[in-house]
Amino acid sequence: DFLPLKCDACEEVFCKDHVRYDEHKCSSAYKKNVQVPVCPLCNTPIPVQKGEIPDVVVGAHMDKDCKYNPAQQKERIFTNKCLKPGCKRKEMMKVVCEQCGGNFCIKHRHPLDHDCTGSSRPTSKA
């Protein structure tokens, strides 16, 4: 069966087996492409107008509008150093002692574990 079907991109006539863009290597398929390309550097969706070639638009974005910061990739997570003398551990979040206000690691967070001098009230070993 040769059913004449018109390609909606290039407007040429094909049979049902070849009407798909890939089957007849349609040179105008990019005009009907509804996918939104994403910048490979900053992961931002890039709007593409009809008739524009996505690769060219993404390339232009990378050249002038891209907010990619290579230093951001190497940003350190563990930045909160323990104040207990001799301890070199760092934590993701601050662990502040309620009595002395110092920042400590999980191991030294309790006043008895870091020889706290912030408060004169007795502390329990519980």
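Check the entry above for the structure.
For clarity, every value in this text was computed on a predicted model and none was experimentally measured.

(A) View of the overall build of the protein chain. If you tally the helices and strands in the protein chain, you get two helices and four strands. Scanning the protein chain from its N terminus toward the C terminus, one meets helices and strands in the order β-β-α-α-β-β. Per-residue burial over the protein chain gives 23% buried out of 126 residues. Expressed as a percentage of contacts within the protein chain between residues at least 6 apart in sequence, the contacts between residues at least 24 apart total 10%.

(B) Spotlight on helix H1 (residues 54-65). Between its terminal C-alpha atoms H1 stretches 15 Å, which fits the 16 Å expected from twelve residues at 1.5 Å a residue. The complete set of buried residues in H1 reads Val57, Val58 and His61. Axial view of H1: buried residues confined to an arc of 95 degrees, hence all on one face. Exposed and oriented more than 90 degrees from the buried face of H1 are Asp55, Val56, Asp63 and Lys64.

(C) Representation of the side chain of Glu91. Within the secondary structure, Glu91 is located in strand S4 (residues 90-91). With residues near it in sequence (within four places) discarded, Glu91 still touches Ile77, Phe78, Thr79, Asn80, Phe104, Cys105 and Ile106.

(D) Representation of the side chain of His114 within the structure. Mapping His114 onto the fold places it in the segment after S4. At a separation of 2.9 Å, a polar atom in the side chain of His114 contacts the main-chain carbonyl oxygen of His108.

(E) Seen up close, the nonpolar core. Of all hydrophobic cores here, the largest spans six residues; its members are Cys82, Cys87, Cys97, Phe104, Cys105 and Cys116. Those residues in contact with Phe104 that lie beyond four places of it in its chain are Cys82, Leu83, Lys84, Glu91, Val95, Cys97, Arg109 and His114. One finds Cys39, Val57, Val58 and Cys66 within the second-largest nonpolar core, a separate group that totals five residues.

(F) Here's a closer look at unusual backbone geometry. Although it is not a glycine, Glu11 adopts a positive phi angle of roughly 65 degrees. Phi angles above zero are rare outside glycine, and Asn43 is one such case at about 60 degrees. Inspection of the secondary structure puts Asn43 in the loop between strand S2 (13-14) and H1. The exposed category is assigned to Asn43, whose relative accessible area is 59%.

(G) Main features of a nonpolar patch on the surface. Together, Ile77, Phe78, Met92 and Met93 make up an exposed nonpolar region whose accessible area comes to about 470 Å². Locating Phe78 in the fold gives a position in the loop between helix H2 (70-73) and strand S3 (80-81). Take Phe78: its relative accessible area is 46%, and that puts it in the partly exposed class.

The rules we used
- Residues numbered from 1 in each chain as written.
- Predicted model: local features only at pLDDT ≥ 70, side-chain atom pairs only at ≥ 80, totals over all residues.
- Heavy atoms only, no water.
- Helix = DSSP H or I, 4+ residues; strand = E, 2+ residues; numbered from the N terminus.
- Buried < 20%, exposed > 50% of the residue type's maximum accessible area, 1.4 Å probe, protein only.
- Contact = heavy atoms within 4.5 Å.
- Expected span 1.5 Å × (residues − 1).
- Arc of directions from axis to C-beta.
- Polar contact = N/O pair within 3.5 Å; in protein donor to acceptor, adjacent residues only side chain to side chain.
- Core = buried A, V, L, I, M, F, W, Y, C linked by side-chain atoms within 4.5 Å.
- Patch = residues over 30% accessible without salt bridge, like charges linked within 9 Å, V, L, I, M, F, W, Y side chains within 5 Å.
- Areas by Shrake-Rupley, 256 points an atom, 1.4 Å probe, with all protein chains shown as cover.
- Salt bridge = Lys/Arg side-chain N within 4 Å of Asp/Glu carboxyl O.

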